[in-house]
Amino acid sequence: MEAKVYATDGKATAKTVELNADVFDVQVSNGCIYYAVNNELANRRTGTACTKTRSEVNYSNTKPFKQKGTGNARRGDKKSPVLVGGGTIFGPKPRDYGFSMPKKMKRAAMKSLLTLSVQENRLVVVEDFTIENGKTKSMAGIIKNFVEDEKRTVVIMHNDDAMLRRASRNIPYLHVLAYDKLSAKELLYGKKIIMLESAVKNLNEFYGE
């Protein structure tokens with residue numbers, strides 16, 4: 001299958017690029033997509049929530065009232081979880097929420113997401129370009145030729161272009177990814193995916209069978 005190649009001004013050129021069917025035309029696996037997105041979100045969690053148990057609360061250990069004669073239940077100290085300001089029972093402690101995915105499942109998820117971008121007409125192939133001055137205005141001018149109303153957009157590069165990243169970081173709806181470090185979440189929720197011409201060729205080889 002082939003895709004048209006567009007210039008940075010938004011106009012179609014006479015060139016086309018081959019989309020590998022093993023990457024851009026596979027059977028979509030919703031299960032793999034779900035686990036890939038869930039895996040990314042879980043790995044981003046800091047897991048720093050922490051509560052104090054009764055042994056960690058900074059209170060006096062003295063008895064609040066005498067043992068007998070008051071009619072109240074026997075109480076050892078003010079750190080009891082049933083009292084206001086006391087410890088917490090089964091509260092959260094710092095932990096790592098991350099988990100690892102099988103490589104085959106992650107590859108299947110990425111190929112499913114790339115296939116979806118083609119089926120839903122969200123993928124646009126653009127001639128290779130860079131932003132030599134690294135200015136946001138230059139990058140925004142190119143993106144506006146392909147995206148309306150500042151919708152969530154993903155740009156896939158053929159290599160890690162520092163100036164392109166610099167020009168994109170102040171555009172809140174724009175996410176820049178390298179072809180070998182794709183994000184399942186961004187590919188799923190991106191309304192428009194702008195892929196550089198060389199990135200298509202790299203993906204054909206990187207995810208091809």
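Right above here is the structure, for reference.
Every chain begins its residue count from 1, and numbering advances along the sequence as written. Totals for whole chains, interfaces and linings use all residues, but because this is a predicted model, local features are given only for residues with pLDDT of at least 70 and pairs of side-chain atoms are given and counted only at 80 or more. Remark: hydrogens and water are excluded; side-chain values derive from all non-hydrogen atoms of the structure.

Considering the overall build of the protein chain
Selection rule: Secondary structure elements follow DSSP: runs of H or I no shorter than four residues count as helices, runs of E no shorter than two count as strands, and numbering proceeds from the N terminus. Note on method: radius of gyration uses C-alpha positions; expected globular size equals 2.2 Å times residues raised to 0.38. For every residue, the accessible area obtained with a 1.4 Å probe (protein chains only) is divided by the maximum for its type, and the residue is called buried under 20%, exposed over 50%, and partly exposed between those limits. We call two residues contacting when some pair of their heavy atoms lies within 4.5 Å.
Secondary structure summary: the protein chain contains seven helices and six strands in total. Each helix and strand of the protein chain, placed in order from N terminus to C terminus, yields the pattern β-β-α-α-α-β-α-β-α-β-α-β-α. In terms of C-alpha radius of gyration, the protein chain reaches 27 Å, well past the compact-globule figure of 17 Å for 209 residues. Over its C-alpha atoms, taken along the principal directions, the protein chain stretches across nearly 95 × 40 × 25 Å. A burial count over the protein chain gives 39% of its 209 residues as buried. For the protein chain, the proportion of contacts with a sequence separation of at least 24, taken over those separated by at least 6, is 71%.

Quick word on helix α2 (residues 30–44)
Rules: The length a helix should cover is 1.5 Å for every residue beyond the first.
For α2, spanning 15 residues, the distance from its first C-alpha to its last is 22 Å, which sits close to the expected 21 Å at 1.5 Å a residue. Where α2 is concerned, the buried positions are Cys32, Ile33, Ala36, Val37, Asn39, Glu40 and Ala42.

Digging into the packing of aromatic side chains
Rules: Pairing of aromatic rings covers Phe, Tyr and Trp, the last through its six-membered ring, and needs centres within 6.5 Å; plane angles under 30 degrees mean stacked, over 60 mean edge-to-face, and all others mean tilted.
Scanning all chains against the criterion turns up four aromatic pairs. Note on tyrosine 34 and tyrosine 35: the rings are 5.2 Å apart at their centroids and 75 degrees apart in plane angle, and the pair reads as edge-to-face. On the accessibility criterion, tyrosine 34 (51% relative accessible area) is exposed. A residue is classified by how much of its surface remains accessible, and tyrosine 35, at 42% relative accessible area, is partly exposed. An angle of 90 degrees between the planes, with centres 4.9 Å apart, marks the rings of phenylalanine 206 and tyrosine 207 as edge-to-face. Accessibility expressed as a relative area gives 36% for phenylalanine 206, which makes it partly exposed. Given a relative accessible area of 6%, tyrosine 207 falls into the buried group. Here the aromatic cluster, defined as three or more aromatic residues joined through ring pairs, consists of Tyr179, Phe206 and Tyr207.

Concerning the sheet that holds strand β1 (residues 2–6)
In plain terms, the rule: Being paired, for any two strands, means DSSP has found at least two bridges between them. Axes, fitted as lines to C-alpha atoms, cover a helix only where it is in contact. Angles between the N-to-C directions of the axes lie from 0 to 180 degrees.
Taken in spatial order, the six strands line up as β2-β1-β3-β6-β4-β5 in an open sheet, and their pairing is mixed. Strands with a single pairing partner mark the edges of an open sheet, and in this sheet they are β2 (12–18) and β5 (174–178). Recorded for the sheet is a direction-independent mean angle of 30 degrees between the axes of neighbouring strands. Bridge count for β1 against β2 is four bridges, and the pairing is antiparallel.

Let's talk about the pattern of salt bridges
So the rule is basically this: Only one rule defines a salt bridge in this text: a Lys or Arg side-chain nitrogen within 4 Å of an Asp or Glu carboxyl oxygen.
By the definition in use, this model includes seven salt bridges. Of the charged contacts in the structure, one is a salt bridge between lysine 93 and glutamate 56, with a shortest N-O distance of 2.9 Å. Of this pair, lysine 93 sits in the loop between α2 and α3 (103–119) while glutamate 56 sits in the loop between α2 and α3, and the two are 37 residues apart along the sequence. Looking at lysine 93, the relative accessible area reads 33%, which means it is partly exposed. Look at glutamate 56 and you get partly exposed, because its relative accessible area is 40%. Salt bridges sharing partners connect three or more residues here, namely Lys15, Glu127 and Glu197.

Examining the packing of α2 against α3
Between two packed helices, what matters for the description is the angle formed by their axes and the separation of those axes. The line we're drawing: Roughly parallel refers to an angle under 35 degrees, roughly antiparallel to one over 145, roughly perpendicular to one between 65 and 115, and oblique to any angle outside these ranges. Only Asp, Glu, Lys and Arg are considered charged in this grouping, and only Ala, Val, Leu, Ile, Met, Phe, Trp, Tyr, Cys and Pro are considered nonpolar; every other residue, Gly among them, is considered polar.
Look at α2 against α3: their axes get within 8 Å of each other, and the N-to-C directions meet at 110 degrees. In terms of their interaxial angle, α2 and α3 are classed as roughly perpendicular. Facing Cys32, Ile33, Tyr35, Ala36, Asn39 and Glu40 of α2, the residues of α3 in contact are Met105, Lys106, Ala108, Ala109, Met110, Ser112, Leu113 and Leu116. Counted by class, the contact of α2 with α3 contains 10 nonpolar, two polar and two charged residues.

Some points on the nonpolar core
Quick note on the threshold: As used here, the term nonpolar core means buried Ala, Val, Leu, Ile, Met, Phe, Trp, Tyr and Cys residues forming a set that is joined through side-chain atoms within 4.5 Å.
Counting residues in hydrophobic clusters, the biggest one holds 52 residues, and the most contacted among them are Phe24, Met139, Ile156, Leu182 and Met195. In this view, phenylalanine 24 contacts Met1, Leu19, Leu114, Thr115, Val118, Leu123, Met195, Leu203 and Asn204; residues no more than four positions away in its chain are not counted.

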